[in-house]
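# Examination of the molecular architecture
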Amino acid sequence: MGIFYQFCLAVSAGIVLGFLGGAIKAICRKKGYSQQQVTQARKVLARAARVAKYLTFLGLALGLIWCVYFLVLGAVSPGQAEYANNMSELIVAVLTVVSIVFAFLEFLKHADG
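Residues numbered from 1 in each chain as written. Predicted model: local features only at pLDDT ≥ 70, side-chain atom pairs only at ≥ 80, totals over all residues. Heavy atoms only, no water.

### So, the overall build of the chain
When you go through the chain residue by residue, the secondary structure sums to three helices and zero strands. Reading the secondary structure of the chain in the N-to-C direction produces α-α-α. For 113 residues, the compact-globule formula gives about 13 Å, and the C-alpha radius of gyration of the chain, at 21 Å, lies well above that figure. Looking at the chain as a whole, 13% of its 113 residues qualify as buried. For the chain, the proportion of contacts with a sequence separation of at least 24, taken over those separated by at least 6, is 68%. Accessible surface, the chain: about 9,200 Å² in total, of which carbon and sulfur atoms supply 72%. Taken together, the 10 basic and 4 acidic charged side chains of the chain have centroids lying 24 Å from each other. (Helix = DSSP H or I, 4+ residues; strand = E, 2+ residues; numbered from the N terminus. Rg over C-alpha atoms; globule rule 2.2 N^0.38 Å. Buried < 20%, exposed > 50% of the residue type's maximum accessible area, 1.4 Å probe, protein only. Contact = heavy atoms within 4.5 Å. Areas by Shrake-Rupley, 256 points an atom, 1.4 Å probe, with all protein chains shown as cover. Lys, Arg positive; Asp, Glu negative; His and termini not counted. Charge placed at Lys NZ, Arg CZ, Asp CG, Glu CD.)

Rendered as structure tokens:
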């Protein structure tokens, strides 16, 4: 577990340093984009948002089904209640992250349009 902790720490530090480096680079060098490049980027973002919408709804539907399953499992088999609760919490946590990513893509799609 210690190696995994060190790996997560190193990846986090790399992301923070990369983000700061990218911000400094963006501040120092501003680039103008042609109208064609802007239009192309909007098309790609719209396509990605469309795919993300369907994948998000698929994940939410499957998450609902499995959360109901674990609810029934915990009610029917009290010995499995803690396991069922932990699995339901895990599913909800994953679906929360997926929903946040979807909301961010939708925000980007509608921010300039």
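### Looking at the packing of helix 2 (residues 35-76) against helix 3 (residues 81-111)
At their nearest, the axes of helix 2 and helix 3 sit 9 Å apart, and the two run at 165° to each other. The angle between helix 2 and helix 3 falls in the class roughly antiparallel. Between helix 2 and helix 3 the crossing geometry is left-handed. Among the residues forming the contact of helix 2 with helix 3, the class breakdown is 21 nonpolar, six polar and three charged. (Axes fitted to C-alpha atoms, helices over the stretch in contact; angles between N-to-C directions. Parallel < 35°, antiparallel > 145°, perpendicular 65-115°, else oblique. Left-handed = near helix turned anticlockwise from the far one by under 90°. Nonpolar A, V, L, I, M, F, W, Y, C, P; charged D, E, K, R; others polar.)

### Looking at the nonpolar core
Counting residues in hydrophobic clusters, the biggest one holds five residues: Phe-70, Leu-73, Ala-84, Ile-91 and Leu-95. Residue assignment for this core shows that the elements contributing at least two residues are helix 2 and helix 3. At three residues, the largest contribution of residues to this core is made by helix 3. (Core = buried A, V, L, I, M, F, W, Y, C linked by side-chain atoms within 4.5 Å.)

### Re a positive patch on the surface
Residues Lys-43, Arg-47, Arg-50 and Lys-53 make up a contiguous surface patch of positive charge. Arg-47 gets classed as partly exposed once you look at its relative accessible area, which sits at 47%. (Patch = residues over 30% accessible without salt bridge, like charges linked within 9 Å, V, L, I, M, F, W, Y side chains within 5 Å. Salt bridge = Lys/Arg side-chain N within 4 Å of Asp/Glu carboxyl O.)

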